[in-house]
Amino acid sequence: MLNIPAFCTRLSFIALLPMLAWCTLDPASAAAPPATAYAHFMSDAGLNTDTAGAITRWTNQTGISARDLDRIIGVPKTATYSRSNGGGTANVVLLDGNSALWATATNWGSITGDRCVVARVRIKGTSNGFLFDGSTGSGKTRAQINSGNWQAGVQSSSSSTWTNSDLLTTALVANTWQTHLFEFDDNAGSTTVRHFVDGINVGGGGNLALTTALGGFILGANGATSGKLNAEVAEILVYNRLLSTTDKSAATTYLQDKWGDLADLPLSFVSATTVQNNRSVARIGIHGIAALGIVSSGNVSTPGYALAGINFDLSGTTDLNDISEIQIHASNSGTTFDAGNTTLVATLPPTAGTMSATFNRQITALSSWFWIAAKMKGSSTPGDSIDASITSFHLAGEASGSRFPTISTAPEKLIIDSLIYRTVLHAEDQDGVHIYRIPALVTTNTGTLIAGFDLRYNGSPGSAPDLPADIDIGIRRSTDGGITWTPMQLIMDYDKNAAGSSGNGITDPTLLVDKVTGRIWCAALWSFGNRGWSGSGPGLTPAETGQFLLNYTDDDGVTWSQPVSITTQIKDPAWRLYFQGPGKGICLRDGTLVFPAQFKNASNVAFSNFIFSKDRGVTWENAPPANPSGSPHTNEAQIVELDDGNLLISMKNFHPSKKRLWCIYSWDHATQSIHQGSWGTPWYSENDPTVQGSVERHRSVLDGHPFSALLFANPDSATSRSNMSVRISLDEGLTWPYKRAIDSRPAAYSCMTILPDGEIGMLYETGDTSSISDLTFARFPIEWITGTADSDNDGIPDFHEDATGFNKSNGNDALLDSDGDGHNNLSEHLAGTHPLDASSVFRIHSMTHNTAPHRHILKWQAAAYRRYRVESSPSLAAGSWQAVEGMENIPNGSKVRELAVEIPTGGEPQQFYRITPIQP
C-alpha cells in the first residue's frame, strides 16, 4: 500500500528501487531440466537490476559464477507477463534490438567439441539479428535471423566473418513463444548442425568444414557486438555435449511446461518518488529543476494507465521573472536532464503559489520520469536560485486518483552561475542524414540565430565523403538565443539524379549578415560532376570548374532566394577552383561586405584571400592572396575587422609546425579604398592541427566598451583534432593570453557569433570517438573563459584590470578616478563604463513629465550589453526602494546608447526614481 503523508514537504533525492514481481517456480508445475548444463540462465532467478530496472548481470544457475553474463551492451530490461499455465506472473529478459548480454571467453571458457544450446524465446518482429554467438574470434558458434529465416552454424576465426550468413534451417515465426534447440555435432574436421523447434527437427545438416569452438557467449548479438536482435528470452541452457533423444524431449518439455505462452500484463502503478540535484547551471537554457519518478510493473507493450497532471510550486526561486516558461518533460531517466532527449508534454507560465500542469501522458516503461523544467530568459544574476517542490500528482486509468510522492531528504536547488550551455543540433545518423558538417553561425540584426551546415547523407561511422557526393546546404533558426531550434530546412539543393552530376553536391556554407540592410547571404560551393577540391579545373562553367554560389534571405532565414553563381565575376579562368570560407563573412563598419575565400591556382597551389562588395552584393571583387608565395599552402580562412579598419585573416595552413597562420590586410583609410590594400608579413601563432578555425570580434572600444577583445576558436592541439578551445586577445590578435577548453573530445570545425545579450555563441563539430559525429551549439559569457579571479581584492576582476591597463596586484587603483569624471574606477567597472574616457559615465540624462497621459519619461546613458532596473521610493529612506513593475530587467544591446522609459504616475504627492545596473 502506498504511504500517503499527511502533509507536503520539500523535494529531495531518494533512491528509486523497482518493485519487480518475481515469480517462484512450483517444482511440481514443470519437469526438471535434463542433466547438468555447462551454463544455465533463468529469467526468474539470478537477474540483477539497477534502480531503473535495467539488467546489470544475469547469473549462471550451475553455480559457476565465471560464466555469468556480466558484460552489458545497451539497456537490456525485464518484461512482466501473465502465465497461461497456472496463473501468476513471470518476468523475461527483454532485448530491444539495441542491447545484449555477454560473458567473455576469458571467464566463460570454451567448448571445443560437441555442444547444444536450448532456449525459450519470442522473436519480436522480423528484423535481422543474432540470438547468440561466441564472444571471441576463435569461437564463433551461433544462431541468427536473416531475411525472415533462421540460420545456424560455425564460422572461421577471421574478423571478416562476424556478419556472414550461416546454414538456413527454417522460416522465422515472429511474435510467438517457441523452444529452440540448436545442436552442433563436431566430426573432427567438420560440423553438422541440427535445429529443433518445439521438439521437431526443422532443418540443418551441412557438414560444415569447420570445428570452431564456442568461446565465450554473447546473447542478443554477434561476437562483434553488432547484429543485435529484438527478442524476449525466458530461459537458455548451454551444454558441452550432444543431448540424447530422451534429453532433447525432456529439455523441450521442461521449458514448455514451465513457461507456456506468456500473455501481456498491462502496466500498473507501483510507487513514486522525487529527485532533485544541487547543481550550478547557466543563466540561459532549459534546466530540469525536479523530477517525479514513477515505478510500474507489467509489460511495457501494454500500457494500463497515464499520468494526468502534477501539482508543484516554485517557492525558493529568487525571481520568477527570470523564467520565461515552465515545461513538463517526459524521460526514461531521472538522474540527469537533457532537453534534447526528452519529450515536452506541457507548458505553463511561472506563477507564485501552487501550479497545476494538466496533461495525459501514457505510462509506457517500468521506470518513467517527468521533469519540471524552467526555460530561462537569460536575465538571472549569478547566485540566483531556481527551485521547485512537487506536492502531488494525478493518475488516469488503472488506480486513478491523486497521489503523493515519497519524500525523505533535505531540499536541493539550482544555482545560476557563469557557465556554458550546450545542445546537440544533430547527432550522427539522425533524421535521415548521416552527418551534419561544416558549421556556419550568425546573429541577425533582429537577434535571430541562423546555423548553417552541410547535409552529408552518406558515409561510414565517423566519416562523411566530401565532393563529389550528394550534399545539400541546410539551416536551423533560433529566436530564443539557441535554447530551441526550428526543424532543418534546405536552402540549396540540386537534383542528385541529374545525369553526370555525381550527386550534384553543394558544400561549405558561409553566412554573412548585412548590418545595413539586414539581408543574410549564404555562399557555397557547387560541384556538378567531380568539380570539388580535387576534380575541379580551369575554366568558368559548371562543366569545367566548381561554382561559387550565393543566395540570400530578407526575412531572417524563413525563405531564401534561388542560388546564383558569381564565378565569372571573381575567378581567374586559369585557376582550378575558387570558393568561400567556410564559416562566416562580415560586414565592415563602412558597410562593405566581405567573404573569406580560397583558391587553387593554375599550378594547383592553394591560397587564402577574400571577396568584397561595395554595392550591397550586386557585384563582387577579389583581393590578392594573403600568402602570395604559396608556402605554406593555405585555405579555409576566417576574417575579422580590427579597430583601425584593417582586416585580420586567420588561415588553416599545411606547415609542419602545426601553428595557425595570421596576416593583416591594410590600406590608408583616409585616402584609399579596400581595392588598394595590401597584405603584411604573415606570422604563426597558436596550436592548430591543420583545421578550419573561427575568429570573431567580441567587443570594441569603438562601440563604447571599456576594452576591445577578439576571440579565436579551434582544436587546441598540435597532434590531433581534439580539445576545442576558445582564446581571447586584448591586443587585436597579436597575443592570446586567455584560453579555456570548450570540449576535451575529438573536435574539428567551428564558427562563433556574438549573441544579443553579449554572450558568445559557438557551433562546432565533435563526438565521443569521431571529431565530426555531432554538430553542437554552445553559448557562454566571456567570464566563463576569463574566470572571476581578483588577485588584489579590489572588486575589479583580474581580466578587466588587464583589459583596461590597471594593475591587478594593486588594490589602490580601484579607488582612483583615472579619467576625472567624478566616478572612481571600481564604480565605472560596476556600471560598465570606460574608466579612461571622461565622456563614458553612467548618469541620468533627463526626466520629463507628460500630462496627457500622465507619464514620467526617464532617460539615461546605457552601457553596452548591460541590464538595468528602474526603482522608485517615496522618501529616499533605506529599504524603501522598490522595482517599478515591468521595469525590473531592461536590456541594452551591443553599443552605448541612450535608453528611455515611460513610467506611469499614480498621483503620488512625491516619488523619487533611480536606475540600478544589474551585474552580469
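Residues numbered from 1 in each chain as written. Predicted model: local features only at pLDDT ≥ 70, side-chain atom pairs only at ≥ 80, totals over all residues. Heavy atoms only, no water.

Overview of the overall build of the protein chain
Link 1 in the chain: Each helix and strand in the protein chain was counted, giving 6 helices and 65 strands.
Link 2 in the chain: Taking the principal axes of its C-alpha atoms as reference, the protein chain extends roughly 105 × 80 × 50 Å.
Link 3 in the chain: For the protein chain, with 920 residues in total, the buried portion stands at 55%.
Link 4 in the chain: In the protein chain, of all internal contacts separated by at least 6 residues, the share reaching a separation of at least 24 is 63%.
Link 5 in the chain: By element, 50% of the accessible surface of the protein chain is carried by carbon and sulfur atoms, the whole surface being about 34300 Å².
Link 6 in the chain: Across the protein chain, 62 positive and 86 negative side-chain charges occur, with their mean positions spaced 4 Å apart. (Helix = DSSP H or I, 4+ residues; strand = E, 2+ residues; numbered from the N terminus. Buried < 20%, exposed > 50% of the residue type's maximum accessible area, 1.4 Å probe, protein only. Contact = heavy atoms within 4.5 Å. Areas by Shrake-Rupley, 256 points an atom, 1.4 Å probe, with all protein chains shown as cover. Lys, Arg positive; Asp, Glu negative; His and termini not counted. Charge placed at Lys NZ, Arg CZ, Asp CG, Glu CD.)

Examining the sheet that holds strand β27 (residues 354-362)
Link 1 in the chain: Read from one edge to the other, the open sheet built from 4 strands follows the order β27-β24-β30-β31, with strand pairing classed as antiparallel. Edge strands, defined here as strands with exactly one partner in the open sheet, are β27 and β31 (401-403). For this sheet the average axis-to-axis angle between neighbouring strands, irrespective of direction, equals 20 degrees.
Link 2 in the chain: Sheet topology note: the strand β30 (residues 389-397)/β31 ladder contains 3 bridges and is antiparallel. In the sheet register, histidine 394 faces β31, and the bridge partner there is serine 402. (Pairing = 2+ DSSP bridges. Axes fitted to C-alpha atoms, helices over the stretch in contact; angles between N-to-C directions.)

Digging into the state of the cysteines
Link 1 in the chain: Counting across every chain of the model gives 0 disulfides.
Link 2 in the chain: Between cysteine 587, a cysteine without a disulfide, and cysteine 751, which holds the nearest cysteine sulfur, the sulfur-to-sulfur distance is 16 Å.
Link 3 in the chain: In this structure cysteine 587 comes out as buried when scored by relative accessible area, which is 14%. (Disulfide = S-S within 2.5 Å.)

Here we look at the side chain of arginine 867
Link 1 in the chain: As for its placement among the helices and strands, arginine 867 is situated in strand β61 (residues 867-873).
Link 2 in the chain: Of the side chains with opposite charge, aspartate 322 comes closest to the buried, unpaired arginine 867, at an N-O distance of 5.9 Å.
Link 3 in the chain: For arginine 867, the side chain forms a polar contact with the main-chain oxygen of serine 379, separated by 2.5 Å. (Salt bridge = Lys/Arg side-chain N within 4 Å of Asp/Glu carboxyl O. Polar contact = N/O pair within 3.5 Å; in protein donor to acceptor, adjacent residues only side chain to side chain.)

Here's the deal with the nonpolar core
Link 1 in the chain: Counting residues in hydrophobic clusters, the biggest one holds 36 residues, and the most contacted among them are Trp58, Trp108, Phe217 and Leu219.
Link 2 in the chain: Within the second largest apolar cluster, 35 residues are counted, among which are Leu292, Phe312, Ala346 and Ala374. (Core = buried A, V, L, I, M, F, W, Y, C linked by side-chain atoms within 4.5 Å.)

A few points about the pairing of strand β19 (residues 230-239)
Regular strands place their side chains on alternate faces of the sheet.
Link 1 in the chain: With respect to burial, β19 is a largely interior element, 9 of its 10 residues being buried.
Link 2 in the chain: Across 4 bridges, strand β1 (residues 39-42) lies against β19 in antiparallel orientation. By the bridge assignment, alanine 39 is partnered in β19 with valine 238.
Link 3 in the chain: Across 8 bridges, the pairing between strand β9 (residues 115-123) and β19 is antiparallel. Across the sheet, the residue bridging to arginine 120 is glutamate 235, located in β19.

Looking at the environment of threonine 804
Link 1 in the chain: Assignment of secondary structure puts threonine 804 in helix α5 (residues 798-804).
Link 2 in the chain: Relative accessible area serves as the criterion here: at 12%, threonine 804 is assigned to the buried category.
Link 3 in the chain: Distance in space between the C-alpha atoms of threonine 804 and glycine 585 is 29 Å, their sequence separation being 219 residues.
Link 4 in the chain: Among all residues touching threonine 804, those that are not within four sequence positions of it are Pro706, Pro835 and Leu836.
Link 5 in the chain: A polar contact is formed between the side chain of threonine 804 and the backbone oxygen of histidine 800, at a distance of 2.6 Å.

A short note on the pattern of salt bridges
Once their charged atoms are close, side chains differing in charge can pair, the charge on each being opposite to the other.
Link 1 in the chain: Overall, the coordinates contain 40 salt bridges when judged by the stated rule.
Link 2 in the chain: One connected set of salt bridges, linked through shared partners, spans Glu183, Asp185, Arg194 and Lys248.

Observations concerning the sheet that holds strand β32 (residues 414-417)
Whether parallel or antiparallel, the strands of a sheet pair through hydrogen bonds between backbone atoms.
Link 1 in the chain: Pairing is mixed across the open sheet formed by 3 strands, whose spatial order is β22-β32-β29. With one partner strand each, in any of the chains shown, β22 (279-282) and β29 (385-386) form the two edges of the open sheet.
Link 2 in the chain: As judged from the 4 bridges shared by β22 and β32, these two strands associate in the parallel manner. Bridge pairing links valine 281 to isoleucine 416 in β32.

Re the packing of aromatic side chains
The way to describe two aromatic rings as a pair is by their centre distance and the angle between their planes.
Link 1 in the chain: Following the criterion strictly, the structure yields 39 aromatic pairs and no others.
Link 2 in the chain: With a centroid separation of 5.0 Å and 85 degrees between ring planes, the pair formed by phenylalanine 610 and tyrosine 665 is classed as edge-to-face. Placement of the pair is phenylalanine 610 in strand β46 (residues 606-613) and tyrosine 665 in strand β50 (residues 659-666), with a sequence separation of 55 residues. Side by side, phenylalanine 610 and tyrosine 665 carry an identical accessibility label, which is buried.
Link 3 in the chain: Residues phenylalanine 707 and phenylalanine 799 carry aromatic rings whose centres are separated by 5.5 Å and whose planes lie at 90 degrees to one another, so their mutual orientation is edge-to-face. A residue pair is termed long-range when its members are at least 10 positions apart, and phenylalanine 707 in the loop between β53 (694-699) and β54 (709-715) and phenylalanine 799 in helix α5 qualify at 92 residues. This pair shows no difference in class: phenylalanine 707 is buried, exactly as phenylalanine 799 is.
Link 4 in the chain: Through a chain of ring-to-ring contacts, the aromatic side chains of Tyr38, Phe41, Trp58, Trp108, Phe132, Trp150, Phe182, Phe184 and Phe217 assemble into a single cluster.
Link 5 in the chain: Here the basic side chain of lysine 140 rests over the ring of tryptophan 162, its NZ or CZ set 4.0 Å away from the ring centre.
Link 6 in the chain: Sitting over the ring of tyrosine 552, arginine 519 keeps its end group 3.6 Å from the ring centre. (Phe/Tyr/Trp six-rings, centres within 6.5 Å; stacked < 30°, edge-to-face > 60°. Lys NZ or Arg CZ within 6 Å of the ring centre and 35° of its normal.)

Details of the confidence of the model for the protein chain
Link 1 in the chain: On average, the protein chain scores 91 in pLDDT, and the residues at 70 or more come to 95%.
Link 2 in the chain: This stretch, residues 1-29, has a pLDDT under 50; its non-local contacts, to residues over four places away or in other chains, come to 75 contacts. (pLDDT = per-residue confidence, 0-100.)

Points about the side chain of glutamate 235
Link 1 in the chain: With respect to the secondary-structure elements, glutamate 235 resides in strand β19.
Link 2 in the chain: Residue classification places glutamate 235 among the buried residues on the basis of a relative accessible area of 0%.
Link 3 in the chain: Of the polar contacts made by the side chain of glutamate 235, one reaches the side chain of lysine 258; its length is 2.9 Å.
Link 4 in the chain: Other than its neighbours up to four places away in sequence, glutamate 235 contacts His40, Phe41, Met42, Val118, Ala119, Arg120, Tyr254, Leu255, Lys258 and Trp259.

Thoughts on the environment of serine 333
Link 1 in the chain: Locating serine 333 in the fold gives a position in the loop between β25 (323-331) and β26 (343-348).
Link 2 in the chain: For serine 333 and serine 367, which are 34 residues apart along the polypeptide, the C-alpha to C-alpha distance reads 7.9 Å.
Link 3 in the chain: Those residues within four positions of serine 333 in sequence are excluded, and the remaining contacts are Trp369 and Trp371.

Section: the environment of threonine 592
Link 1 in the chain: Its place among the elements puts threonine 592 in the loop between β44 (586-587) and β45 (593-600).
Link 2 in the chain: What makes threonine 592 buried here is its relative accessible area of 2%.
Link 3 in the chain: Counting along the chain gives 149 residues from threonine 592 to threonine 443, while the straight-line C-alpha distance between them is 18 Å.
Link 4 in the chain: With sequence-adjacent residues up to four places away left out, threonine 592 is seen in contact with Ile586, Cys587, Phe612, Ser613, Lys614 and Ile674.
Link 5 in the chain: Within the structure, threonine 592 has its side chain in polar contact with the side chain of lysine 614 (distance 2.9 Å).

Points about helix α2 (residues 245-259)
Link 1 in the chain: The terminal C-alpha atoms of α2 lie 22 Å apart, and with 15 residues this matches the ideal 21 Å at 1.5 Å per residue to within 8%.
Link 2 in the chain: Among the residues making up α2, those that are buried are Asp247, Lys248, Ala251, Thr252, Tyr254, Leu255, Lys258 and Trp259. The buried residues of α2 occupy an angular sector of 155 degrees when the element is viewed end-on, so they sit on one face. Counted as exposed and oriented over 90 degrees from the buried face of α2: Thr245 and Thr246.
Link 3 in the chain: Against β1, β6 (89-96), β9, β14 (177-186), β15 (191-197) and β19 lie the buried residues of α2.
Link 4 in the chain: Positioned one or two residues after α2, glycine 260 has a phi angle of 55 degrees, which is positive. (Expected span 1.5 Å × (residues − 1). Arc of directions from axis to C-beta.)

Some thoughts on unusual backbone geometry
As a rule of thumb, non-glycine residues mostly have phi less than zero, and peptide bonds are mostly trans rather than cis.
Link 1 in the chain: Here the residue pair leucine 467 and proline 468 is connected by a cis peptide bond, since its omega of 0 degrees sits within 30 degrees of zero.
Link 2 in the chain: Positioned with a positive phi, isoleucine 438 is a non-glycine residue whose angle comes to about 60 degrees.
Link 3 in the chain: Mapping isoleucine 438 onto the fold places it in strand β34 (residues 435-443).
Link 4 in the chain: Phi angles above zero are rare outside glycine, and leucine 876 is one such case at about 70 degrees.
Link 5 in the chain: Among the structural elements, leucine 876 can be located in the loop between β61 and β62 (882-883).
Link 6 in the chain: Overall, the relative accessible area of 48% leaves leucine 876 in the partly exposed class.

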